[in-house]
Amino acid sequence: MANASPLQPSLVEITRTQQPKRPPPPSSLVFGHTFTDHMLTIPWRMLEGWGTPKIQPYGPLAVEPSATVFHYAHCLFEGLKAYRDPSGRVTLFRPDMNMKRMNTSAQRVAMPSFNGDAVIELMKQLIRLDKHWIPDQPGYSLYIRPTMIGTQPALGIAPPKEVLLFVICSPVGPYYPQGFKPVALYGTTEYTRASPGGIGAYKLGANYAAGVAAQKAAAEKGYVQNLWLHGPEHLITEVGTMNAFVVFKKSDGSLELVTPPLDGMILPGVTRDSVLGLAREHKAGKIRVPELTDKLVVSERPVTMKEVKEAAQKGNLVEFFGAGTAAVISPVDRIGYLGEDVHIPTGPDGMGPVSRPLWKYLTGIQTGTIAHPWSVEV
């Protein structure tokens with residue numbers, strides 16, 4: 001292993017497709033259903049290390065039915081977006097954070113680590129090749145899905161000796177094309193998303209499959225998504241596959257923006273970190289987020305459903321929202337909890353007084369209208 005090859009972007013082999021597809025009309029796009037002409041693949045073997053990176057036509061992978069990914073869930077992934085700004089410049093949003101988290105996920109399931117900067121460079125080459133797939137309309141972007149799977153053709157629970165890291169791209173539209181629509185959540189107590197010492201803090205495929213039945217059950221009760229509650233205290237953890245945020249009004253008139261701490265059960269979301277970072281910089285006077293109150297307290301602390309319900313009853317619940325790559329901000333207007341609905345205020349546009357200005361500022365950075373080091377040129 002000491003002499004195993006590191007990942008080397010300079011060795012990339014590029015094979016352009018001979019059958020380029022015509023990108024569909026932007027208005028017809030369904031999230032995650034359309035893919036660009038090319039993909040990136042990088043194999044890894046335990047003795048040799050990382051092999052030759054290849055950018056090649058998008059198509060099926062040659063993986064044996066005995067591959068560990070199919071039997072022991074050796075699968076992890078990331079999600080980030082490439083944006084085109086008004087001048088035509090294409091940028092990525094905080095890709096270093098995704099690579100850091102991807103390496104952490106790989107370590108958790110005994111898969112190989114990699115040089116994040118090297119993968120970012122290769123992703124940039126892939127995006128440059130397929131950048132014409134980014135719709136030239138406001139709110140549209142290119143969703144990037146880096147993935148790592150165990151490909152060793154062998155049964156037996158052990159670290160895979162063969163792995164494939166690949167990246168595919170999908171043009172996507174605004175998550176709320178008709179404007180923000182607040183969602184109804186079901187406070188799930190029958191199922192557990194994660195537990196201390198488990199895999200809740202990692203972006204593993206195994207984390208998501210187990211949530212589908214719970215989401216289906218919530219939909220059958222008339223709710224859009226789950227609010228994952230943990231333990232006898234019904235601690236709020238995540239909103240479906242997003243990080244949860246609550247805003248409370250305090251007795252002195254200030255607003256407290258609360259999100260659960262990264263305690264090993266919570267996924268360290270890039271959007272979560274960005275919302276917290278912007279709110280704290282605004283509070284400290286380092287930046288000015290228009291329309292955001294100066295009387296703001298930013299807290300990473302445990303928060304229970306009981307606290308949310310009591311705040312709603314007393315008129316001190318200001319808003320509740322999820323944060324993630326796909327939607328950026330997803331406002332919530334009610335939560336089904338122990339047989340009754342807790343109603344949450346939303347503004348005329350569906351958002352609240354804290355989420356609205358933070359969303360505007362954050363998407364301004366992503367789309368290039370606000371200059372910021374988080375935006376990385378492709």
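Small disclaimer: the values here were computed from a predicted structure and weren't measured.

So, how was this worked out
Residues numbered from 1 in each chain as written. Predicted model: local features only at pLDDT ≥ 70, side-chain atom pairs only at ≥ 80, totals over all residues. Heavy atoms only, no water. Axes fitted to C-alpha atoms, helices over the stretch in contact; angles between N-to-C directions. Helix = DSSP H or I, 4+ residues; strand = E, 2+ residues; numbered from the N terminus. Parallel < 35°, antiparallel > 145°, perpendicular 65-115°, else oblique. Left-handed = near helix turned anticlockwise from the far one by under 90°. Contact = heavy atoms within 4.5 Å. Nonpolar A, V, L, I, M, F, W, Y, C, P; charged D, E, K, R; others polar. Core = buried A, V, L, I, M, F, W, Y, C linked by side-chain atoms within 4.5 Å. Buried < 20%, exposed > 50% of the residue type's maximum accessible area, 1.4 Å probe, protein only. Pairing = 2+ DSSP bridges. Salt bridge = Lys/Arg side-chain N within 4 Å of Asp/Glu carboxyl O. Expected span 1.5 Å × (residues − 1). Disulfide = S-S within 2.5 Å.

**Details of the packing of helix 5 (residues 270-283) against helix 7 (residues 355-367)**
One way to put it is that helix 5 packs onto helix 7 with a least axis distance of 10 Å and a crossing angle of 110°. Between helix 5 and helix 7, the interaxial angle falls into the category roughly perpendicular. Helix-helix and strand crossings are classified by hand; for helix 5 and helix 7 the assignment is right-handed. On helix 7, the residues that touch Thr271, Ser274, Val275, Leu278 and Ala279 of helix 5 are Leu358, Tyr361, Leu362 and Ile365. Classifying every residue of the contact of helix 5 with helix 7 gives 7 nonpolar, 2 polar and no charged.

**A closer look at the nonpolar core**
One finds Leu227, Ile236, Leu257, Met305, Val308 and Phe320 to be the most contacted residues of the largest nonpolar core, which totals 53 residues. Membership of the second largest hydrophobic core comes to 37 residues, among which are Met99, Leu129, Leu165 and Val378.

**Describing the pairing of strand 16 (residues 317-324)**
For strand 16, a buried count of 8 out of 8 residues is recorded, marking the element as mostly surrounded by other parts of the structure. Of the pairings in the sheet, the one linking strand 13 (residues 242-249) to strand 16 comprises 6 bridges and is antiparallel in character. The partner of Ala244 across the bridge, within strand 16, is Gly322. Judged from the 4 bridges that link them, strand 16 and strand 17 (residues 328-337) form a sheet pairing that is antiparallel. Residue Gly322 lies in a different strand from strand 17, and its bridge partner there is Ser330.

**What to know about the environment of Gly116**
Structurally, the position occupied by Gly116 is in helix 3 (residues 116-130). Here the alpha-carbon distance between Gly116 and Leu7, two residues 109 residues apart in the chain, equals 9.3 Å. Those residues in contact with Gly116, other than ones at most four positions away along the chain, are Met99 and Asn103.

**A short note on the pattern of salt bridges**
Tallied over the entire structure, the rule returns 17 salt bridges. The closest approach of N and O atoms between Glu78 and Arg101, which form a salt bridge, is 2.7 Å. On the criterion of sequence distance, the pair formed by Glu78 in the loop between strand 5 (75-77) and strand 6 (80-84) and Arg101 in helix 2 (residues 95-108) is long-range, its members being 23 residues apart. A salt bridge links Arg128 to Glu121, with the nearest nitrogen and oxygen atoms 3.6 Å apart. Within this structure, Asp85, Arg89 and Glu377 form a network of salt bridges that share partners.

**Here's the deal with helix 5**
Residues separated by three or four positions in an α-helix point in the same direction, a consequence of the helix having 3.6 residues per turn. An ideal rise of 1.5 Å per residue puts 20 Å on 14 residues; helix 5 measures up with 20 Å between its terminal C-alpha atoms. Where helix 5 is concerned, the buried positions are Val270, Thr271, Arg272, Ser274, Val275, Leu276, Leu278, Ala279 and His282.

**Describing the state of the cysteines**
Per the stated rule, a full pass over the model turns up 0 disulfides. Note on Cys75: no disulfide assigned, nearest cysteine sulfur contributed by Cys169 at a separation of 17 Å. Here Cys169 falls in the buried class, since its relative accessible area comes to 1%.

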